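# Descriptive structure summary
Residue-level listing of the chains:
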Amino acid sequence: MPIPVDECLQLMILAPQGAGVSPSAVNLIRDKTMHASLLGELQRFRGRVALREGAITASMLDSSGGHRMQGDEKSWHLLRVRNDGKIAGCARILVHPRDVTFSRLRIASSRAARCPVWARDVHDAVESELTRARLNGLAIIEPGGWVIDEDLRGSCEAVSIAIGAFAWAQILDDCIGFLTATAKHGSATILRRLGARNLQAHGQTIPGYFEPAWGCNAELLRFDTNSLNPRFEAALVSARGQLSTSPVFSAESVPPRNEQFFPNSTDPQICRPTFTFN
């Protein structure tokens, strides 16, 4: 099911610190200054939108008005940029080491994971997925930071950014992903439509809850990049094609040492560039 995309919006990608990118595989731009400028502008855009929505307070912004999330420097960032250079939407993907433990995940800091009633079930649900990922050689990721400008709410662009994040995850590797999704603006509903599922443990679904960090209701979701909703496969194929030719900004002037290559995809429809991490 193809998703229309505003042709006036350009896709850009920011690589995380320590990520090596094959210059022959993607439109790679090694520019530390531009990378820092785009990341700063993204954080200010995120801060403006979140502050207006009441999701954060002014005290949570830095001196430039940016909202810095833990792990920003270690995350891939997808940006939708207008013709005038202003950011209109963004999302990020935090890739974890394959031996990551529950306590190191962002989902572990959610209110549900610290709730006396549900903490054990959240822990067991995530550990079950981590075990499956290790046995099957799957990467562990946590997408987040999904923000879109107010004038694009309710448009196809909101769905396009989510599809772009899922498509980029498919390009990176075969992944298990965890999401803390808000009910606001239908975010959790959109992600479930794309193939995410509520976390489950011991035959029970982890219920939605109020997340005080954001001041709204939220849900804990998981997804497998190999088991997304087939209705959106055409949209994912299209997004992967766009992403594979979009500019990737790296802060690394040279490829990092001690590189570890992502495995090649066995799916001929997934154009998987070579990305590395030290």
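Summarised in this report is the structure supplied together with it. (Residues numbered from 1 in each chain as written. Predicted model: local features only at pLDDT ≥ 70, side-chain atom pairs only at ≥ 80, totals over all residues. Heavy atoms only, no water.)

### Some thoughts on the side chain of glutamate 157
If you trace the backbone, glutamate 157 turns up in helix α3 (residues 156-172). At 2.6 Å, the side chain of glutamate 157 and the side chain of arginine 80 are in polar contact. (Helix = DSSP H or I, 4+ residues; strand = E, 2+ residues; numbered from the N terminus. Polar contact = N/O pair within 3.5 Å; in protein donor to acceptor, adjacent residues only side chain to side chain.)

### Looking at unusual backbone geometry
Excluding glycine, most residues fall at negative phi; most peptide bonds, likewise, are trans. In this model, histidine 202 sits at a positive phi of 55°, which is unusual for a non-glycine residue. With respect to the helices and strands, histidine 202 occurs in the loop between β9 (200-201) and β10 (204-205). Judged by relative accessible area, histidine 202 falls into the exposed class, the value being 61%. (Buried < 20%, exposed > 50% of the residue type's maximum accessible area, 1.4 Å probe, protein only.)

### Some points on the pattern of salt bridges
One pass over the full model with this rule turns up 17 salt bridges. In this structure, arginine 52 engages aspartate 149 in a salt bridge whose closest nitrogen and oxygen atoms are separated by 4.0 Å. Of this pair, arginine 52 sits in helix α1 (residues 32-53) while aspartate 149 sits in the loop between β6 (139-148) and α3, placing them 97 residues apart in sequence. Note on arginine 52: relative accessible area 52%, which makes it exposed. Residue arginine 52 is joined to glutamate 150 by a salt bridge in which the shortest nitrogen-to-oxygen separation is 2.6 Å. With arginine 52 in helix α1 and glutamate 150 in the loop between β6 and α3, the pair connects residues that are 98 residues apart, well separated along the chain. Ionic contacts of the salt-bridge type, sharing partners, join the residues Arg52, Arg82, Asp149, Glu150 and Asp151 into one network. (Salt bridge = Lys/Arg side-chain N within 4 Å of Asp/Glu carboxyl O.)

### Focus: the pairing of strand β1 (residues 10-14)
Of all five residues in β1, four are buried, a share of seventy percent or more. Pairing of β1 with strand β4 (residues 75-81) involves five bridges; the strand directions are antiparallel. If you follow methionine 12 over to β4, its bridge partner there is leucine 79. Examined bridge by bridge, β1 and strand β13 (residues 247-250) share two bridges and lie parallel to one another. Looking across to β13, one finds that leucine 14 is bridged to phenylalanine 249. (Pairing = 2+ DSSP bridges.)

### Observations regarding the packing of α3 against helix α5 (residues 233-245)
Closest axis-to-axis distance for the α3/α5 pair is 9 Å, and the angle between their directions is 70°. Relative to α5, the element α3 lies roughly perpendicular. Every residue of α5 that contacts α3 at Ile163, Gly164, Phe166, Ala167, Trp168, Gln170 and Ile171 is listed here: Ala235, Leu236, Ala239, Arg240 and Leu243. Across the contact of α3 with α5, the residue classes tally to nine nonpolar, two polar and one charged. (Axes fitted to C-alpha atoms, helices over the stretch in contact; angles between N-to-C directions. Parallel < 35°, antiparallel > 145°, perpendicular 65-115°, else oblique. Contact = heavy atoms within 4.5 Å. Nonpolar A, V, L, I, M, F, W, Y, C, P; charged D, E, K, R; others polar.)

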